[in-house]
Amino acid sequence: MNPAIRIGATGFGLIAVCYGFARFAFGLFLPEIDGELHLGPSVSGLISGGSFAGYCIAIIASAMLTERIGARAVAGGAALVAALGMAGIALAPTPLFLALAVMLAGSSTGLASPPMAAAVAAAVRKSRQDKTNTVINAGTSAGVALSGAVALAIAGQWRMAFGAFAAVALVLAVAAMFALPDARGESRTGGFPSIGGTMVRLILASFLMGAASTALWSFGGQLVSQQMGWGTGGSSLLWTCIGAGGIAGAWAGTLVSRFGLDPVHRVFLGLMAVSILAVGSGLTSGVVPLVGGAVFGAAYVMLTGVYLVWGTNALPERPATGLMVGFLTIAVGQTAGAPVFGLLMAGQGNGAAIACFAVVALLAGFFRSGTLPGVATTTTPVSVRCACR
């Protein structure tokens, strides 16, 4: 099988499970979890922030481990961690147990992304790497859409849902061990990369985008439940729309190649701000929040694809680490953003929280990569070792 197809399909599935199920499905099921375990908005925000904090730790470890023990082992480990964390969520008897399980499940996403970047760099020809990476990245959307469909099918049985998600993660762990190359970084590389102007701008932009995204990732279901009077079915439908819209993120590499990083970056940040307002303002009804959810999904996955290309091209000899920098700071922003949004909801109300976070999304557009439209960011070859099966 063509390496791009084999690695792309496996990576798409792994990212779908780790991001769509293990990390973001918590926000979908939050109203039901809150109803059973009595979390409240502040505790919900802290638990969501804990998930993002676990991601931050894991993605740093993953980039280092990928350069030492290889993409195959780290990707398989990510799926196993996701399975264990989601099994813990399914069995959680108390808020504290839930918080620990959510953090563990969320850490799987940090483990999953760097080995996929290394696998693509090792086994896929240079001209297809950006496209393959952004297709893999769009797996988030498939996972989110599927989690929404599952929630609709089983009518809010969140424990059953996370148990099923854990079983799927075990299947992906086996697939990763057979399908992925044992790609590693050169032995001379290691540690955190030097930070220049391009990387600083990437860090600032991705931090702000990550913080803004928590308005819907962590609280989208709760917002439509409170403000629109939607039950579990409505929240699940919103989630499905977010996931379906995010499939557009698979074209991030194509759009960046044609128009450049900066124009694509600014346009989709604007769409993210609009989508946050559409879903969370409570001033609209009917189809508008669903359209807003689809736009949010497209914008988020497109933007993570932009940051993926930005980071891997900034550090072409260390693709796992280049991805890690952008994705780490997205998660740092989410770690900070989730509890702040929860506190704003509790103190100032939903409207103030939504408006503030829409503005945060727009602020990320002030930081530019410096790449000209239609010009590749680098032509430097990627140096990796690959011992394929």
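Residues numbered from 1 in each chain as written. Predicted model: local features only at pLDDT ≥ 70, side-chain atom pairs only at ≥ 80, totals over all residues. Heavy atoms only, no water.

Trainee: Give me the overall build of the protein: which residues, what numbers.
Mentor: Along the protein, the regular secondary structure elements total 16 helices and two strands. When the 389 residues of the protein are sorted by exposure, 59% land in the buried category. Long-range pairs, those at least 24 residues apart, make up 87% of the contacts in the protein with a sequence separation of at least 6. Accessible area of the protein: about 13500 Å², with a carbon and sulfur share of 70%. (Helix = DSSP H or I, 4+ residues; strand = E, 2+ residues; numbered from the N terminus. Buried < 20%, exposed > 50% of the residue type's maximum accessible area, 1.4 Å probe, protein only. Contact = heavy atoms within 4.5 Å. Areas by Shrake-Rupley, 256 points an atom, 1.4 Å probe, with all protein chains shown as cover.)

Trainee: Describe in detail the packing of helix α12 (residues 252-259) against helix α13 (residues 261-280), supporting the description with residues and values.
Mentor: Two elements in contact, α12 and α13, have axes separated by 7 Å at closest approach and are oriented at 125°. The angle between α12 and α13 places the two elements in the oblique class. Where α12 approaches α13, its residues Leu255, Val256 and Phe259 are matched on the opposing element by Leu261, Pro263, Val264 and Phe268. In terms of residue class, the contact of α12 with α13 is built from seven nonpolar, no polar and no charged. (Axes fitted to C-alpha atoms, helices over the stretch in contact; angles between N-to-C directions. Parallel < 35°, antiparallel > 145°, perpendicular 65-115°, else oblique. Nonpolar A, V, L, I, M, F, W, Y, C, P; charged D, E, K, R; others polar.)

Trainee: Describe the side chain of Asn133, and please don't skip the residues or the numbers.
Mentor: Examined against the element boundaries, Asn133 turns out to sit in helix α6 (residues 126-137). Beyond its immediate stretch of four places on either side in the chain, Asn133 contacts Met116, Ala117, Val120 and Leu308.

Trainee: Run through the packing of aromatic side chains, naming residues and quoting values.
Mentor: Applying the stated criterion across every chain, the model contains nine aromatic pairs. Plain terms: the ring middles of Trp217 and Phe296 are 5.4 Å apart, the flat faces sit at 70° to each other, and that makes the pair edge-to-face. Taken together, the residues Trp217 in helix α9 (residues 197-217) and Phe296 in helix α14 (residues 288-314) connect sequence positions 79 residues apart. One aromatic cluster is present, built from ring pairs that chain together Phe21, Phe29, Phe162 and Phe165. (Phe/Tyr/Trp six-rings, centres within 6.5 Å; stacked < 30°, edge-to-face > 60°.)

Trainee: Outline helix α8 (residues 158-179), listing residues and values.
Mentor: With 22 residues, α8 extends 31 Å from end C-alpha to end C-alpha; this agrees with the ideal 32 Å at 1.5 Å per step. For α8, the set of buried residues is Trp158, Ala161, Phe162, Phe165, Ala166, Ala169, Leu172, Ala173, Ala176 and Ala179. On an axial view of α8, the arc spanned by its buried residues comes to 150°, and they lie on one face. Among the exposed residues of α8, those oriented more than 90 degrees off its buried face are Met160, Val171 and Phe178. Where the residues of α8 are buried, they touch α1 (3-23), α2 (25-37), α4 (71-91) and α7 (139-154). (Expected span 1.5 Å × (residues − 1). Arc of directions from axis to C-beta.)

Trainee: Give me the lowdown on the side chain of Ser108, citing residues and values where you can.
Mentor: Secondary-structure assignment places Ser108 in helix α5 (residues 95-123). Contact partners of Ser108, with chain neighbours within four places excluded, come to Cys18, Ala22, Ala78, Val81 and Ala82.

Trainee: Any chance you could break down the nonpolar core for me, citing the residues and the numbers?
Mentor: Phe29, Met86, Leu98, Met272 and Tyr307 are the most contacted members of the largest nonpolar core, which has 119 residues in total. The element contributing the most residues to this core is α14, with twelve residues. Once residues within four sequence positions are removed from consideration, Leu98 is found in contact with Phe26, Ile33, Leu37, Leu39, Ile47, Ile89 and Ala92. (Core = buried A, V, L, I, M, F, W, Y, C linked by side-chain atoms within 4.5 Å.)

Trainee: Give me the environment of Gly50: which residues, what numbers.
Mentor: Mapping Gly50 onto the fold places it in helix α3 (residues 40-69). Counting along the chain gives 286 residues from Gly50 to Ala336, while the straight-line C-alpha distance between them is 9.6 Å.

Trainee: Which residues make up the packing of α6 against α14, and what values do they have?
Mentor: The interhelical angle for the contact between α6 and α14, taken along N-to-C directions, is 145°, at an axis separation of 9 Å. In the packing of α6 onto α14, the handedness of the crossing is right-handed. Across the interface between the two elements, Lys126, Asp130, Asn133, Thr134 and Asn137 of α6 pack against Val301, Thr304, Gly305, Leu308, Val309, Thr312 and Asn313 of α14. Of the residues assigned to the contact of α6 with α14, the class counts are three nonpolar, seven polar and two charged. (Left-handed = near helix turned anticlockwise from the far one by under 90°.)

Trainee: A description of the confidence of the model for the protein should follow, citing residues and the corresponding values.
Mentor: Scored by pLDDT, the protein has a mean of 82; 87% of the residues are at 70 or more. Low pLDDT (under 50) marks residues 372-389, which in the prediction has 49 contacts with non-local residues, meaning those over four places away or in another chain. (pLDDT = per-residue confidence, 0-100.)

Trainee: Quick one: what's the story with the environment of Tyr307, residue by residue and with numbers?
Mentor: Mapped onto the secondary structure, Tyr307 falls in helix α14. The exposure class of Tyr307 is buried, given its relative accessible area of 0%. Sequence-wise, Tyr307 and Phe327 are 20 residues apart; in three dimensions their C-alpha atoms are separated by 7.4 Å. In this view, Tyr307 contacts Leu202, Ala205, Ser206, Met209, His265, Leu269 and Ile330; residues no more than four positions away in its chain are not counted. Polar contacts involving the side chain of Tyr307 include one to the side chain of His265, which spans 2.7 Å. (Polar contact = N/O pair within 3.5 Å; in protein donor to acceptor, adjacent residues only side chain to side chain.)

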